[in-house]
Amino acid sequence: MAIDGFGDSAKERLSALADGELDRPGSTTSCAAWAGDAALRADWHAWHLIGDVLRSEDLASNPGHDRDFCAKLRLRLQAEPVVLAPMPAIAEPAGGRSDRRARPSRWAAAGAVAAGVVLVVGTFAVVRPGEWPTAQVAGGDAPVSIAASPVGAASTEEAAVQPVAIVADSKVFRDAQLERYLEAHKQFAGTSALGVPSAFLRSATVDSAAR
Amino acid sequence: MNAPDADAPLVERVKQGDVKAFEMLVVKYQRRIERLIGRMVRDVDLVPDIAQETFIRAYRALPQFRGDSAFYTWLYRIAVNTAKKSLMELKRDPLVTESARAGRDEDDDNPRVENEPSDAATPDAVLASKQIASAVNFAVEALSEDLRQAITLREIEGLSYEEIAELMNCPIGTVRSRIFRAREAIAARLRPLLDTREGDRW
């Protein structure tokens, strides 16, 4: 029906867009037409000015002022980085494209993960030297199960070395802690209810009870 | 307004990286935003600058705009915050702007001549605004009943095409065409007033 480039129909669609009554493909076409046609831009301004004046006469501004304002703002917008809100349709190809380059970072991520695990276990050993044999067993288990999952995630994840490493790192900490909580709970479920003096164990019980 | 936000299609375009769609929103709202800021900030010379800042901030923040409110409501809030911030900064670091000085020197016989006055305040600009307002009203009066009703229901009552179609008992396509023809007819009367400066194009 309406064909692109036919003056009036393109204008009429722009008018519909002004009212938010145009579908998505129509909006895309109309925006492109607006950007490429000074006459359409002048219409767009005139129509909105008309709407403003109809609603309130004190919005009838000097047209030269409007034009200057928008010209100035356009220059400032050109200096701005283009905004891009994350959308599912766009996120998909981005991951695929950087997949090849992500390969070396996978090892970096794995290294970071391993370092994180060592840190967790190390900290653990220092903080609780011999008090907690079962927890150390839990920590010893962690590298195998945890290291595997973030590496797999890193391969599908786009992105540079740093963010992946950080995300993986925090995951390790959280997961290992969770493991410990669960492990501790299993181990001391009965005894903590009877009143074990350690605050740490008590919070583990509460935590798992809330779950 | 309970109708879906009329700006949603343009906002979506901006979120996909279409800066021009944001310019379209600027053209649409610049007058309202400037009026709003003008009510908060006495100094008319500062109003366009604060309005510019408002739009730049809105552009930067747009990825976070979730559409929970209408786009204009969101923009309105940014304008209010930007104006407040400017007023605070002004209090801390007062600067004498052209119109503030003119206001103080009212009794002086030394009006502002050398510096270019801001166009919002000049008698010429006020006259131009008045001419536009009367041209619009005159053009609306001259419309056929159908066109006048359609444009009024849309612009003043804020109804959707569907609601107008129901009220006017005609297909939605007819509503769309009537509103468009009404706009064109009014714009035709405005054009001599709008195209005042040669070489200035939108």
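Predicted, not measured: the structure shown is a model, and the values here were computed from it.

What follows deals with the overall build of chain A. Secondary structure assignment for chain A yields 9 helices and 0 strands. When the helices and strands of chain A are placed in sequence order, the string is α-α-α-α-α-α-α-α-α. The buried share of chain A, taken over its 211 residues, is 38%. Carbon together with sulfur atoms contributes 62% to the accessible area of chain A, which is approximately 11,500 Å² in total.

Attention now goes to the nonpolar core. Residue and element names in this part refer to chain B. Ranked by size, the top nonpolar core spans 80 residues in total, and within it Ile33, Ile37, Phe55, Phe71 and Val136 carry the most contacts. Counting residues per element, this core draws most heavily on helix H2 (residues 19-40), at 11 residues. If near-sequence neighbours (up to four positions away) are discounted, Ile33 is found in contact with Ala51, Thr54, Phe55, Tyr72, Leu75 and Ala79.

Taking 1.5 Å per residue, 17 residues should reach 24 Å; helix H4 (residues 63-79) of chain A reaches 25 Å between its end C-alpha atoms and fits that length. Taken together, the buried positions of H4 of chain A are Pro63, Gly64, His65, Asp66, Arg67, Phe69, Cys70, Leu73 and Leu77 of chain A. Among the structural elements, helix H3 (38-55) of chain A together with H2, helix H3 (47-61), helix H6 (123-142) and helix H9 (172-194) of chain B are those in contact with the buried residues of H4 of chain A.

If you look at the interface, chain B gives 67 residues, while chain A gives 62 residues. For the interface between chain B and chain A, the tally reads 16 salt bridges. Note that Asp66 of chain A and Arg31 of chain B form a salt bridge whose closest N and O atoms lie 2.9 Å from each other. At the junction of chain B with chain A, the criterion picks out 29 residue pairs in polar contact (both at pLDDT 80 or more). Among the secondary structure elements, those contributing two or more residues to the side of chain B that touches chain A are helix H1 (8-15), H2, H3, H6, helix H7 (145-155) and H9 of chain B. Counting residues per element, the side of chain B that touches chain A draws most heavily on H2 of chain B, at 15 residues. In the side of chain B that touches chain A, the residues fall into 33 nonpolar, 9 polar and 25 charged.

What follows covers the pattern of salt bridges. Residues and elements named next belong to chain B. Overall, the coordinates contain 26 salt bridges over all chains when judged by the stated rule. Between Glu89 and Lys85 there is a salt bridge; the shortest N-O distance is 3.2 Å. Here Lys85 and Glu89 lie together in helix H4 (residues 71-92), a separation of 4 residues that amounts to about one turn. Under the relative-accessibility criterion, Glu89 is labelled partly exposed at 38%.

What follows deals with unusual backbone geometry. Although it is not a glycine, Asn169 of chain B sits at a positive phi angle of roughly 55°. Looking at where Asn169 of chain B falls in the secondary structure, it is placed in the loop between helix H8 (161-168) and H9.

Residues shown with low pLDDT carry predicted positions that ought not to be read at fine detail. All names here are of chain A. In the predicted model, chain A carries a mean pLDDT of 63, and 36% of its residues have values of at least 70. Segment residues 1-6: pLDDT under 50, and 6 contacts once partners within four positions in sequence are set aside and those in other chains are kept. Contacts from residues 89-105, a stretch scored under 50 in pLDDT, to residues over four places away or in other chains number 7 contacts.

Procedures and definitions
For every chain, the first residue of the written sequence is number 1, and numbering continues from 1 along that sequence. The naming scheme follows written order: chains are lettered A onward, ligands numbered 1 onward. Given that the model is predicted, a residue must reach a pLDDT of at least 70 before its local features are reported, and side-chain atom pairs must reach 80 or more before they are shown or counted; all residues, however, enter totals for whole chains, interfaces and linings. Excluded from the side-chain calculation are hydrogens and water; included are all heavy atoms of the structure. A run of H or I in DSSP counts as a helix once it spans at least four residues, and a run of E counts as a strand once it spans at least two, with each numbered from the N terminus. When a residue's accessible area, from a 1.4 Å probe over protein chains only, is under 20% of the maximum for its type it is buried; when over 50% it is exposed; and in between it is partly exposed. Per-residue accessibility takes into account occlusion by the displayed protein chains alone, with areas from the Shrake-Rupley method and a 1.4 Å probe. What is meant by a nonpolar core is a set of buried Ala, Val, Leu, Ile, Met, Phe, Trp, Tyr and Cys residues, joined one to another through side-chain atoms within 4.5 Å. By definition in these notes, contact holds between two residues if any of their heavy atoms fall within 4.5 Å. Take the residue count of a helix, subtract one, and multiply by 1.5 Å to get its expected span. Any carboxyl oxygen of Asp or Glu within 4 Å of a side-chain nitrogen of Lys or Arg constitutes a salt bridge here. Pairing of N or O atoms within 3.5 Å defines a polar contact, subject to two protein rules: one partner must be a possible hydrogen donor and the other a possible acceptor, and residues neighboring in sequence count only if both atoms are side-chain atoms. The residue classification treats Ala, Val, Leu, Ile, Met, Phe, Trp, Tyr, Cys and Pro as nonpolar and Asp, Glu, Lys and Arg as charged. All others, Gly included, are polar. For every residue, the pLDDT score states the predictor's confidence, bounded by 0 at the bottom and 100 at the top.

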